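Single-letter residue listing:
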Amino acid sequence: IGHDPGMHDLAALLIGTGDVAVRAALRPKFPTAGVVVIDFDLEQWDDVGPGLGRLRHFMAPKRLAD
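*Asks:* How should the pattern of salt bridges be read in this particular structure?
*Replies:* Side chains bearing opposite charge may pair, as long as their charged atoms lie close to each other. What the rule picks out here adds up to one salt bridge. Between Asp-39 and Arg-56 there is a salt bridge, with its nearest N and O atoms 3.2 Å apart. With Asp-39 in strand β2 (residues 35-39) and Arg-56 in strand β3 (residues 53-59), this pair connects stretches of sequence that are 17 residues apart.

Listed below in structure tokens is the structure:
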């Protein structure tokens with residue numbers, strides 16, 4: 001939980017894989033009330049690092065109508 005620009009920067013740093021279209025939707029900005037879910041296939045939190053996350057879900061308020 002946080003706010004921009006930190007959340008957008010953190011998500012961009014951690015995400016290495018995931019749906020290309022969803023990653024493209026996240027790239028321009030992290031909107032107010034946006035939610036991102038990033039999965040890590042790791043044994044412990046100490047192993048989390050740049051590019052090791054898989055974007056599982058991204059939702060922005062204006063995408064709710066889709």
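So that's the structure; there's more coming.
*Asks:* Explain the packing of aromatic side chains here, please?
*Replies:* When we look at a pair of aromatic rings, we describe it by the centre distance and by the angle of the planes. Going through the model one piece at a time under the given rule, you end up with two aromatic pairs. Relative to Phe-58, the ring of Phe-30 has its centre 6.1 Å away and its plane inclined at 55 degrees; by these criteria the two rings are tilted. With Phe-30 in the loop between α2 (20-26) and β2 and Phe-58 in strand β3, this residue pair connects regions lying 28 residues apart in the sequence. On the basis of relative accessible area, Phe-58 is assigned to the buried category, the value being 4%.

*Asks:* What should I look at first to understand helix α1 (residues 6-14) in this one?
*Replies:* Each α-helix turn comprises 3.6 residues. Residues three or four places apart therefore point the same way. What α1 keeps buried is the set Met-7, His-8, Ala-11 and Leu-14. Mapping the buried residues of α1 onto a view down its axis gives an arc of 140 degrees, with all of them on the same face.

*Asks:* I keep staring at the sheet that holds β2 and nothing clicks. Help me out?
*Replies:* The strands making up a sheet are joined through hydrogen bonds of the backbone, oriented either antiparallel or parallel. Taken in spatial order, the three strands make up an open sheet running β1-β3-β2, and their pairing is mixed. A strand with exactly one partner marks an edge of an open sheet, and here the two such strands are β1 (15-18) and β2. Pairs of neighbouring strands in the sheet enclose a mean axial angle of 45 degrees, with direction left out of account. Both β1 and β3 contribute to a ladder of three bridges, which runs parallel. Across the sheet, Thr-17 pairs through a bridge with Arg-54, a residue of β3. Against the sheet, α1 contacts β1, β2 and β3, and its axis sits at roughly 65 degrees relative to β1.

Reading the values: the criteria
- Residues numbered from 1 in each chain as written.
- Predicted model: local features only at pLDDT ≥ 70, side-chain atom pairs only at ≥ 80, totals over all residues.
- Heavy atoms only, no water.
- Salt bridge = Lys/Arg side-chain N within 4 Å of Asp/Glu carboxyl O.
- Helix = DSSP H or I, 4+ residues; strand = E, 2+ residues; numbered from the N terminus.
- Phe/Tyr/Trp six-rings, centres within 6.5 Å; stacked < 30°, edge-to-face > 60°.
- Buried < 20%, exposed > 50% of the residue type's maximum accessible area, 1.4 Å probe, protein only.
- Arc of directions from axis to C-beta.
- Pairing = 2+ DSSP bridges.
- Axes fitted to C-alpha atoms, helices over the stretch in contact; angles between N-to-C directions.
- Contact = heavy atoms within 4.5 Å.

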